[in-house]
Amino acid sequence: MKENYCLQAALVCLSMLYHSQAFALERRSHLRPSLRGHHEKGKEGQVLQRSKRGWVWNQFFVIEEYTGPDPVLVGRLHSDIDSGDGNIKYILSGEGAGTIFVIDDKSGNIHATKTLDREERAQYTLMAQAVDRDTNRPLEPPSEFIVKVQDINDNPPEFLHETYHANVPERSNVVIVCDVFLLIYPGIIRTALPNMDREAKEEYHVVIQAKDMGGHMGGLSGTTKVTITLTDVNDNPPKFPQSVYQMSVSEAAVPGEEVGRVKAKDPDIGENGLVTYNIVDGDGMDLFEITTDYETQEGVVKLKKPVDFENKRAYSLKVEAANVHIDPKFISNGPFKDTVTVKIAVEDADEPPMFLAPSYIHEVQENAAAGTVVGRVHAKDPDAANSPIRYSIDRHTDLDRFFTINPEDGFIKTTKPLDREETAWLNISVFAAEIHNRHQEAKVPVAIRILDVNDNAPKFAAPYEGFICESDQTKPLSNQPIVTISADDKDDTANGPRFIFSLPPEIIHNPNFTVRDNRDNTAGVYARRGGFSRQKQDFYLLPIVISDGGIPPMSSTNTLTIKVCGCDVNGALLSCNAEAYILNAGLSTGALIAILACIVILLVIVVLFVTLRRQKKEPLIVFEEEDVRENIITYDDEGGGEEDTEAFDIATLQNPDGINGFIPRKDIKPEYQYMPRPGLRPAPNSVDVDDFINTRIQEADNDPTAPPYDSIQIYGYEGRGSVAGSLSSLESATTDSDLDYDYLQNWGPRFKKLADLYGSKDTFDDDS
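Bear in mind that the values here come from a model prediction, so they are computed numbers and not experimental data.

Undergrad: How should the overall build of the protein be read in this particular structure?
TA: Along its length, the protein carries 6 helices and 39 strands. Expressed as a percentage of the 768 residues in the protein, the buried residues total 31%. By sequence separation, contacts in the protein at least 24 residues apart represent 65% of the contacts at least 6 residues apart. Accessible surface, the protein: about 49,400 Å² in total, of which carbon and sulfur atoms supply 53%.

Below you can see the structure in the form of structure tokens.
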């Protein structure tokens, strides 16, 4: 390190020496303009004559940041033709001319009037020219020259950032921490101690100072802050804070339940501090397990299998904690793991009863009498108290109550005969509960198989029907069966097939058909003869006996229908209808068509007659215009006015003597028109209509067969506030007969009938 510092100091000194020498050379090289010519010698001694020039320029220099009272003299311009009589005038133009740089037009001296800053501008380009003072005529062409600003140490060193951050791994040797940059030169920070520990101190704050001029007198300086953070490495193994952990678990706990937690401390952070836990030894390795909670870095001890307080009351485990990521550089620090002992005590709990088997399968024969023992279930209390057990059946699994159980010993019995063909298996559940604590109970499934008994006879597998072609006696018999039959048995296969087919003993020698057993649970029906005719018999009923192979065997007699049908020459069926054959022998097709035509004609005549009877309407009576009772009209709906006489029937009102003779019926049409008796027309003040209405009401009440067509509703009042009052003709007998109704003639044709009735008073007077 010392050699590096010496080298840097030497380089700084050489740099400063170079700049000072260059400045001296530049100052010496300032030559003012000369009026004399210059002669140069060639290589071979020849004298070369240079053309005369009015200006010989060099660079001018001025020091920055000059703060004197007078302007700084930058330099002097002088022309060869200037004789000093003041006739020549010097003019300056270009960058900063007149503002920063001024020239004395007589002497040609150039001065800087302002303080210059090289960091803002390092040089200026100017133009100089000599002109005649009186005429301003240029005496020489303009010439260009440069004014350079010389640097002085007026700016301290500056860092690129106000603060710097650096990271370095802990326990590192001398390494580069970071580069702190100035505007030009970098600075390197290195660690001074080889074994810095992050766990002891994680962060350091350093102030860095930079000086120019190599740190000599008069130099300027700048500072910055550097924060150095030690990054973590895995240099610390996990350690348990204690050597033994005590835990407990109830025997009623289920697998997966948490028992307790252990934690090993690791001062490292991030992935260097990750710890995993394992059970490496102990008598509870099969019953317990441990997992790692990476959020809390704890080991979670869980129950793997159920424990039993009555069998074992304590367990011991050896748990190991190890780092997940190990740095090989620090493996010499020792094993990065630690172990601890975990002792787990089993706590007693009131456990429910336990069945000796996880499930039970029993058998019982079908049709067994009620009370038959099916089997037994058995449970015991695993606790030391060994409480008595009571058994019961879950009725949700035995809705039909086929079984019952003895609550003390667990024997299951039937309550009714069972049918295997309905249900081959029955599944129930049995509860076992402690007598002193009914909440402690266990449940076990019980499957009951119903054994088959041969109690069902075989039957046809389908509704079979055979067909045979009618033929003559001379035609040979066919070897093909009329129909092949099979059977079906609801019993189990042990009591079902094989099936035996035969004819009943009483018709074993049937002259028409026979049955041949194929010995594969099928049989064929064959004809013993030919010459079947539909005229003699169109079908035959053949009884067939089917027996099963059960013990004892069951049999049934099934009837097979064999029809005699007409066939073509190839034996294909054409028709099995016996009636069609008979009609062809007695009636022709034309006769059948004639019969059907007659029937249709008769039906048409009947329909026309009924239709005409319904449409024909005859008047029931001969109306007389003088009969006032015809104006008693009952409308159930809006009609066509007074001329609408087809919508009502007033025959009943015109027959006050109906009780002595014929009573008209509204459900049938009268055969003749009923004429009212002469001489019985009521007078205007008569009350015969009231008697007539009462009579009709009494008849309607006493006749249960009369339809309610003669219902009469009398409206004697039109309502409150009516100007016209009542228009009912029934009240005309009680009103004043002297009223004048001639105004009805002016009401139009709709009131013509009322005008005729009430407009003249002579009609009834003449009758009287």
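Undergrad: It is not clear to me how the sheet that holds strand β27 (residues 403-405) should be interpreted in this structure. Could you clarify?
TA: Backbone-to-backbone hydrogen bonds pair the strands of a sheet. The strands run either parallel or antiparallel. Pairing in this open sheet of 3 strands is antiparallel, and the strands run β24-β28-β27 from one edge to the other. The two strands at the open ends of the sheet, each matched to only one other strand, are β24 (373-376) and β27. Strand-to-strand twist in this sheet, taken as the mean axis angle between neighbours without regard to direction, amounts to 25°. In this structure, β27 lies alongside strand β28 (residues 411-414), joined through 3 bridges in antiparallel fashion.

Undergrad: In this structure, what is going on with the packing of aromatic side chains? I would like to understand it.
TA: Aromatic ring pairs are defined here through the distance separating the ring centres and the angle between the ring planes. If you walk through the whole model with that rule in mind, you get 11 aromatic pairs. Their ring planes at 75° and their centres at 6.3 Å tell us that Phe240 and Tyr245 sit as a pair that is edge-to-face. We note that Phe240, like Tyr245, is buried. The interplanar angle of 65° and the centroid separation of 5.6 Å between the aromatic rings of Phe288 and Tyr315 together place this pair among those described as edge-to-face. Separated by 27 residues along the polypeptide, Phe288 in strand β18 (residues 288-293) and Tyr315 in strand β20 (residues 314-323) bring together distant segments of the chain. Members of the aromatic cluster, joined through ring pairs, are Phe240, Tyr245 and Tyr277. Over the aromatic face of Tyr526 sits the side chain of Arg516, whose NZ or CZ is 4.1 Å from the ring centroid. One Lys or Arg, Arg529, reaches over the ring of Phe532 and ends 4.1 Å from the middle of that ring.

Undergrad: Would you mind going over the nonpolar core with me for this structure?
TA: A general feature of soluble globular proteins is that nonpolar side chains tend to end up buried together. Among the nonpolar cores identified, the biggest contains 26 residues, and Val262, Tyr277, Phe288, Val342 and Ile344 are the most heavily contacted of them. Going through the elements one at a time, β15 (244-250), β16 (258-262), β17 (275-282), β18, β19 (298-303), β20 and β21 (337-347) are the ones with two or more residues in this core. Once residues within four sequence positions are removed from consideration, Phe288 is found in contact with Val249, Val259, Ile279, Lys302, Leu303, Lys304, Val307, Tyr315, Leu317 and Ile344. If you look at the next biggest cluster of nonpolar residues, it comprises 24 residues, including Phe355, Ile412, Val444 and Ile448.

Undergrad: Mind showing me how you'd approach the pattern of salt bridges here?
TA: Side-chain pairs of opposite charge can arise where the charged atoms are in close proximity. Summed over the entire model, instances satisfying the criterion amount to 17 salt bridges. In this structure, Glu95 and Arg121 form a salt bridge, with 2.5 Å as the shortest nitrogen-oxygen distance. Here Glu95 is found in the loop between β5 (88-94) and β6 (101-103), whereas its partner Arg121 is found in the loop between β7 (109-112) and β8 (123-132), with 26 residues between them in sequence. What makes Glu95 partly exposed here is its relative accessible area of 31%. Residue Glu421 pairs with Arg420 through a salt bridge whose shortest N-O separation is 3.4 Å. In this structure Glu421 comes out as partly exposed when scored by relative accessible area, which is 22%. With relative accessibility at 15%, the residue Arg420 sits in the buried group. Among the charged side chains, a network of salt bridges with common partners joins Glu258, Arg261, Asp293 and Glu298.

Undergrad: For this particular structure, what's the right way to read the side chain of Glu351?
TA: Position of Glu351 relative to the elements: it lies in the loop between β21 and β22 (354-355). Buried charge without a partner: Glu351 forms no salt bridge, and the closest opposite charge is Lys380, 11 Å away. Excluding residues within four positions of it along the chain, Glu351 makes contact with Glu251, Asp308, Glu310, Asp381, Pro382, Asp383, Glu434 and Gln440.

Undergrad: I keep staring at the pairing of β21 and nothing clicks. Help me out?
TA: Consecutive side chains along a regular strand alternate between the two faces of the sheet. Judged by which residues are buried, β21 turns out to be one-sided: Asp338, Val340, Val342, Ile344 and Val346 face inward and are buried, whereas Lys337, Thr339, Thr341, Lys343, Ala345 and Glu347, on the alternate face, are not. By the bridge criterion, 7 bridges tie β15 to β21 in an arrangement that is parallel. Across the sheet, residue Tyr245 finds its bridge partner in β21, namely Val342. Pairing of β20 with β21 involves 9 bridges; the strand directions are antiparallel.

Undergrad: Would you explain a nonpolar patch on the surface in this entry?
TA: A cluster of nonpolar side chains, contributed by Ile595, Leu596, Ile599 and Leu603, occupies part of the molecular surface with about 390 Å² of accessible area. As for its position among the elements, Ile599 is in helix α3 (residues 589-615). Note on Ile599: relative accessible area 43%, which makes it partly exposed.

Undergrad: How do you make sense of α3 when you look at a structure like this?
TA: Between its first and last C-alpha atoms α3 spans 40 Å; for 27 residues at 1.5 Å apiece the expected length is 39 Å, and the two agree. Little of α3 sits out of view: just 0 of its 27 residues are buried.

Undergrad: Can you walk me through the state of the cysteines in this structure?
TA: Going through the model one piece at a time under the given rule, you end up with 2 disulfides. The residue that forms a disulfide with Cys469 is Cys567, at a sulfur-sulfur distance of 1.9 Å. Between Cys469 and Cys567, the S-S torsion sits near -85°, and that sign places the bridge as left-handed. Taken together, the residues span a long stretch of sequence, with Cys469 in strand β32 (residues 465-469) and Cys567 in strand β38 (residues 555-567) at a distance of 98 residues. One disulfide bridge connects Cys565 with Cys576, the sulfur atoms lying 1.7 Å from each other. Its torsion about the S-S bond being 105°, the disulfide of Cys565 and Cys576 is classed as right-handed. Of the two residues, Cys565 is situated in strand β38 and Cys576 in the loop between β39 (573-575) and α2 (578-586); the sequence distance between them amounts to 11 residues. Disulfide connectivity for the protein, with bonded cysteines indexed by sequence position, reads 1-3, 2-4.

Undergrad: In this structure, what is going on with the environment of His362? I would like to understand it.
TA: When you line up the elements, His362 lands in strand β23 (residues 360-365). Looking at His362, the relative accessible area reads 13%, which means it is buried. As a C-alpha pair, His362 and Gly375 span 13 residues in sequence and 5.8 Å in three-dimensional space. Those residues in contact with His362 that lie beyond four places of it in its chain are Val374, Gly375, Arg376, Val377, Val446, Ala447, Ile448 and Arg449. Among the polar contacts made by the side chain of His362, one reaches the main-chain carbonyl oxygen of Arg376 at a distance of 3.4 Å.

Undergrad: What is the right way to look at the UniProt feature "transmembrane region" (unreviewed entry) in the protein in this model?
TA: Those residues carrying the UniProt feature "transmembrane region" (unreviewed entry) are residues 591-612 in this numbering. Along residues 591-612, the helical share is 100% and the strand share 0%, with 32 Å between the first and last C-alpha atoms.

Undergrad: Would you mind showing me how to read unusual backbone geometry here?
TA: Across residues other than glycine, the phi torsion is negative in most instances, and most of the peptide bonds are trans. Each neighbour pair has its own omega, and for Ile551 with Pro552 the value is -10°, a cis peptide bond. The residue Pro552 is located in the loop between β37 (539-547) and β38 in this model. In this structure, Gln297 is a non-glycine residue whose phi angle is positive, near 55°. Locating Gln297 in the fold gives a position in the loop between β18 and β19. Non-glycine residue Arg401 carries a positive phi angle of around 55°.

Undergrad: Looking at this structure, how should I read the sheet that holds strand β31 (residues 459-460)?
TA: Taken in spatial order, the 4 strands line up as β31-β33-β36-β35 in an open sheet, and their pairing is antiparallel. Edge strands, defined here as strands with exactly one partner in the open sheet, are β31 and β35 (513-517). Here β35 pairs with strand β36 (residues 522-527) via 5 bridges, running antiparallel. Note on β36: the bridge partner recorded for Asp517 is Ala523.

How each quantity is defined
- Numbering of residues starts from 1 in each chain and follows the order in which that chain's sequence is written.
- For a predicted model such as this one, the threshold for reporting local features is a pLDDT of at least 70, and the threshold for listing and counting side-chain atom pairs is 80 or more; totals across whole chains, interfaces and linings nevertheless cover every residue.
- Each side-chain value is worked out from all heavy atoms of the structure, with water and hydrogens disregarded.
- Segments assigned H or I by DSSP are reported as helices when at least four residues long, segments assigned E as strands when at least two residues long, and all are numbered from the N terminus.
- Categorising residues by exposure relies on relative accessible area from a 1.4 Å probe, with only protein chains included: less than 20% of the type maximum marks a residue as buried, more than 50% marks it as exposed, and the intermediate range marks it as partly exposed.
- Contact definition: two residues touch when any of their heavy atoms are within 4.5 Å.
- What sets the accessible areas is the Shrake-Rupley method with a 1.4 Å probe; for residues, cover comes only from the shown protein chains.
- When DSSP finds two or more bridges between two strands, those strands count as paired.
- Each axis is a line fitted through C-alpha atoms, and for a helix only the stretch in contact is used; angles between axes span 0 to 180 degrees, taken between their N-to-C directions.
- Pairing of aromatic rings covers Phe, Tyr and Trp, the last counted by its six-membered ring, and requires centre-to-centre distances within 6.5 Å; plane angles under 30 degrees mean stacked, over 60 mean edge-to-face, and any other angle means tilted.
- The criterion is that NZ of a Lys, or CZ of an Arg, lies within 6 Å of the ring centre and within 35 degrees of the ring normal, and then a charge sits over that ring.
- Take the buried Ala, Val, Leu, Ile, Met, Phe, Trp, Tyr and Cys residues and link them wherever side-chain atoms come within 4.5 Å; each set so joined is a nonpolar core.
- In what follows, salt bridge is the name for a side-chain nitrogen of Lys or Arg lying within 4 Å of a carboxyl oxygen of Asp or Glu.
- Within this scheme the basic residues Lys and Arg register as positive and the acidic residues Asp and Glu register as negative, but His and the chain ends are omitted.
- Note that patches include only residues with greater than 30% relative accessible area and no salt bridge, and the join distances are 9 Å for like charges and 5 Å for nonpolar side chains (Val, Leu, Ile, Met, Phe, Trp, Tyr).
- Here a helix's expected span is defined as the number of its residues, less one, multiplied by 1.5 Å.
- Note on disulfides: each one is a pair of cysteine sulfur atoms within 2.5 Å.
- The term polar contact refers here to a pair of N or O atoms within 3.5 Å; inside protein, the definition further demands a hydrogen-donor-capable atom paired with an acceptor-capable atom, and it admits residues adjacent in sequence only when both atoms are side-chain atoms.
- UniProt positions are given in the numbering used here, feature names are shortened, and annotations may be inferred rather than shown by experiment.

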